[in-house]
Amino acid sequence: MTRRRWIAEHWDEATATLAGAQAEHLARVLRARPGMEADVVAGGRVFHAQIAAVTLAGEKSEVRFNLTAELLADPALPVTLVMAIYKFDRMEWAIEKATELGVAAVAPVVARRTEKHLAQGAGKRVERWRRIAHEASQQARRSDVPLIHDPVALSTHVRTASAATRIVLAEQERTTTLRHAAEEAIDAANEEMPALEIAIGPEGGWAPAEEALFDANGWRAASLGPRILRAETAAIAALAVVASLLE
Ligand code: SAM
């Protein structure tokens, strides 16, 4: 039976502490006791750990671990998904699946065809998106939690300088596949792991002016094949393609 893995909120060189709701769950529901063992993620590193103390006090609950042996951490995929904001339930499903697939970060952006009420509500949903990523990371036994950026306008993100190879998924693209664009980025990075940004449009797709903006800022258009995918499907397919080349 694989040991459970917890992602600590606080840590130092010798101990790590879970706090709040997840500490309360561990203490009350899973009946955590000093001496019990688990894997604990602290600052992107994974440790075999032993419970040192349990404080059951509602949202002030705490479970403190002594860190014993450091374990091999599995790095995230060096991919940032730039996701045009779309129906929140589908987007949250995509964030959970992208986390399981190893995404390093998700950058929500407001595109021209992002529905107005979703654009207005996105700022209030980010903390929920971060909780979803945290929980999915624990479930997937990741050694880190993907970064969920604050939503910005697409044009702001596109114009922000980046060292990453920047790819925009475009269903009308017929020459370059995502696999081909990713392989070229890997070759160009020699022995390094290339950082990739992959942009996925909203339900209504990219507006022509956005396609021109991507092009003017050095983003490369790439296809996931001849069929039209929902944005959440495109997110999973894109990560699967990149993972098959990098892992
Ligand atoms: N314009 C699409 C249509 O005609 O229904 C709607 C956009 S699609 C639902 C959402 C996004 O997923 C697109 O903007 C694109 O980024 C990505 N996507 C979907 N299918 C794709 C494909 N075959 N190749 C590349 N990207 C795709």
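Please read these numbers as outputs of a predicted model, since none were measured by experiment.

### A word on the overall build of the protein
Check the secondary structure of the protein and you find seven helices and 13 strands. Scaling as 2.2 N^0.38, a compact globule of 247 residues should have a C-alpha radius of gyration of about 18 Å, and the protein matches this with 20 Å. Judged by the C-alpha coordinates and their principal axes, the protein covers about 60 × 45 × 30 Å. Counting every position in the protein, which comprises 247 residues, the buried fraction comes to 46%. Within the protein, counting contacts between residues at least 6 apart in sequence, those at least 24 apart form 73% of the total.

### Structural notes on the site of the ligand
Inspection of the region around the ligand gives 17 residues, with Leu-169, Glu-171, Leu-224, Gly-225 and Arg-227 positioned closest. Measuring from a nitrogen atom of the ligand, one finds a backbone N or O atom of Arg-227 at 2.6 Å. When the ligand sits alone it has 570 Å² of accessible area, and the protein chains cover 84% of it. Its residues assigned to classes, the shell around the ligand comprises ten nonpolar, four polar and three charged.

### Details of the domain arrangement of the protein
Considered domain by domain, the protein is made up of domain 1 (5-71) and domain 2 (79-246). Computed from C-alpha coordinates alone, the two centres of domain 1 and domain 2 are separated by 32 Å. In this complex, domain 1 contributes ten residues to the contact, which on the side of domain 2 involves eight residues. When domain 1 packs against domain 2, the two sides together hide about 700 Å² of surface, and 48% of this comes from carbon and sulfur. Taken together, the connections running from domain 1 to domain 2 amount to one salt bridge. Salt-bridge contacts for Arg-141 lead to Asp-39; the nearest nitrogen and oxygen are separated by 3.0 Å. On the surface where domain 1 and domain 2 come into contact, there are five residue pairs in polar contact (both at pLDDT 80 or more). Mapped by element, the contributors of at least two residues to the side of domain 1 that touches domain 2 are strand E1 (5-7), strand E4 (37-42) and strand E5 (45-55). Considered class by class, the residues forming the side of domain 1 that touches domain 2 number four nonpolar, two polar and four charged.

### Here's the deal with the sheet that holds E4
One open sheet accounts for six strands, arranged E1-E4-E5-E6-E3-E2; its pairing is mixed. In this open sheet, the two edge strands, each paired with only one partner strand, are E1 and strand E2 (10-11). Pairing between E2 and strand E3 (residues 15-19): two bridges, direction antiparallel. Counterpart to His-10 in the pairing with E3 is Thr-17.

### Things to note about unusual backbone geometry
Residues other than glycine seldom take positive phi values, yet Arg-31 does so here, at roughly 50 degrees. Assignment of secondary structure puts Arg-31 in the loop between helix H1 (20-29) and E4. Judged by its relative accessible area of 53%, Arg-31 falls in the exposed class. At Arg-141, a position not held by glycine, the phi torsion is positive, near 55 degrees.

Definitions and limits used
Residues numbered from 1 in each chain as written. Predicted model: local features only at pLDDT ≥ 70, side-chain atom pairs only at ≥ 80, totals over all residues. Heavy atoms only, no water. Helix = DSSP H or I, 4+ residues; strand = E, 2+ residues; numbered from the N terminus. Rg over C-alpha atoms; globule rule 2.2 N^0.38 Å. Buried < 20%, exposed > 50% of the residue type's maximum accessible area, 1.4 Å probe, protein only. Contact = heavy atoms within 4.5 Å. Near = heavy atom within 4 Å. Polar contact = N/O pair within 3.5 Å; in protein donor to acceptor, adjacent residues only side chain to side chain. Areas by Shrake-Rupley, 256 points an atom, 1.4 Å probe, with all protein chains shown as cover. Nonpolar A, V, L, I, M, F, W, Y, C, P; charged D, E, K, R; others polar. Domains from an automatic or database assignment. Buried area = accessible area lost by both parts, 1.4 Å probe. Salt bridge = Lys/Arg side-chain N within 4 Å of Asp/Glu carboxyl O. Pairing = 2+ DSSP bridges.

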